[in-house]
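# Chains, contacts and geometry: an overview
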Amino acid sequence: MLTERGLRHKYANSVLGYAWSMLEPAAFVLTYFILLKIFNRSYPMYPLFVGSAILPWQWFSSVVNSSTSTLRKNSRLITSIALPREIYPLAEVSVKTVEFVLSLPVLLVLALIYGVKPSAYVFAWPLAFVLQLMLCVGLALLVSSLNTVLRDIEQGIGIVVRMLFFLSAVLYPLSRLTTPMQHLASINPMVGILTINRAVWLPAYWTGWQPVLYSAIGSLLFLLLGFAVFARVERAVLKEL
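Residue numbers restart at each chain and count upward from 1, following the sequence in its written direction. With the structure being a predicted model, the display of local features is reserved for residues of pLDDT at least 70 and the display and counting of side-chain atom pairs for 80 or more, all residues being used for whole-chain, interface and lining totals. Hydrogens are left out, water is left out, and the side-chain values use all remaining heavy atoms of the structure.

### Re the overall build of the protein
Condition: What counts as a helix is a DSSP run of H or I of at least four residues, what counts as a strand is a run of E of at least two, and both are numbered from the N terminus. Working definition: with a 1.4 Å probe on protein chains only, accessible area under 20% of the residue-type maximum means buried, over 50% means exposed, and in between means partly exposed. By the convention used here, residues are in contact when the closest approach between their heavy atoms is within 4.5 Å.
Scanning the protein from terminus to terminus reveals 12 helices and zero strands. When the helices and strands of the protein are placed in sequence order, the string is α-α-α-α-α-α-α-α-α-α-α-α. Residues classed as buried in the protein amount to 48% of the 241 residues present. In the protein, the share of contacts with a sequence separation of at least 24, taken over all contacts with a separation of at least 6, comes to 80%.

### Here's the deal with unusual backbone geometry
Positive phi is not limited to glycine here, since A169 has a value of about 55°. Turning to its location among the elements, A169 is positioned in the loop between helix 9 (152-167) and helix 10 (179-185).

### Observations concerning the packing of aromatic side chains
Condition: Two rings belonging to Phe, Tyr or Trp (six-membered ring only in the last case) form a pair when the distance between their centres is within 6.5 Å. Interplanar angles under 30 degrees mark stacking, angles over 60 mark edge-to-face geometry, and anything in between is tilted.
Overall, the coordinates contain 11 aromatic pairs when judged by the stated rule. Judged by centre distance (6.4 Å) and plane angle (25°), the ring pair of F100 and F129 falls under stacked. Residue F100 is located in helix 6 (residues 87-103), and its partner F129 is located in helix 8 (residues 125-149); the two are separated by 29 residues in the primary sequence. Taking relative accessible area as the criterion, F100 reaches 4% and is therefore assigned buried.

### Some thoughts on the nonpolar core
Put simply, the test is: By nonpolar core we mean a set of buried residues, namely Ala, Val, Leu, Ile, Met, Phe, Trp, Tyr and Cys, connected to one another through side-chain atoms within 4.5 Å.
Counting 53 residues, the largest nonpolar core has L48, W57, F60, V170, M190 and W201 as the members making the most contacts within it. Of all the secondary-structure elements, those providing two or more residues to this core are helix 3 (46-67), helix 6, helix 7 (105-114), helix 8, helix 9, helix 11 (189-201) and helix 12 (210-240). Top element by residues in this core is helix 3. It accounts for 12 residues. Once residues within four sequence positions are removed from consideration, F60 is found in contact with Q132, L135, C136, L139, L164 and M190.

### With respect to the environment of Y88
As for its placement among the helices and strands, Y88 is situated in helix 6. Sequence separation between Y88 and L141 is 53 residues, and the spatial gap between their C-alpha atoms is 9.0 Å.

### Regarding the pattern of salt bridges
How we decide: Salt bridges are identified by distance alone: a Lys or Arg side-chain nitrogen within 4 Å of an Asp or Glu carboxyl oxygen.
Taken as a whole and assessed by the stated rule, the structure comprises one salt bridge. A salt bridge links E99 to K96; the nearest nitrogen and oxygen atoms lie 3.8 Å apart. Taken together, the residues span about one helical turn, with E99 and K96 both in helix 6 at a distance of three residues. The buried category is assigned to K96, whose relative accessible area is 10%.

Encoded structure:
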C-alpha cells in the first residue's frame, strides 16, 4: 500500500507518468555518450556499456538519498498509526525497486540497436538483483534511523553517494585499474553487482567472481547492520519525531 502510495505521489499530475522511469536513465546514458565523444575516448557500444551500470546505480543512489529523510517525512503516520517503523524505509526501497524494473526496457532497446544478445551471465543476474536489494534495504534502514537523531547524515550522504559513483566503475571498466586497485575497489559492494549487470550484455568486461563475493559479504553485513541499528535507535527516533 505504501509502495503504491509513493509511486502515485511521485507521478501525480505528470503527463508522462511512469514513462519517466525509462526517460530519466535514457537521458543519463545519452549525456555520458555525448561526453565520451567530446573527450574523444571510445569504448565499444558505450551507451550499452554505461547503461547496464547506470540503471542499477540509479536504483542504489535513489534509495539511499530518498530513504534518508523518509522517517521525518512520515512522522505523522509513525506517531499516529501502530505499524512497525521499518515499513517506511522498506516502502521507499519498494518504490525505487519498481522504478528500476520499469527502467529495464531501456537496456533492451540498446541491446536491439547493437544486435547484442544476453550472455550466459544472465543466469547470474537474479543474484545481482537480490544482493542489491539486500544492500538497499540495509542502507535504507541505517541512514533513515541515523538521520533522525543526527541531521548531519542527510547533509553528508549526497557527497558520499557522488564520490562512490566515480569509485564504482560505472563509467569505466574495472579492468582498467591495476590488479591491486581492482581488489581495493571491489570492497565497495556495488562493484561486484555492477560487474554482473554489465557482463549480462558485455561478457568481455567480466573480471571474475571475487568482486561478487565481496558484494555478497558487504550486502549481508549492511543488511544485518541496518536492522540492528534501526532496532537500537528506534526509541530515540520516536522521541525526535
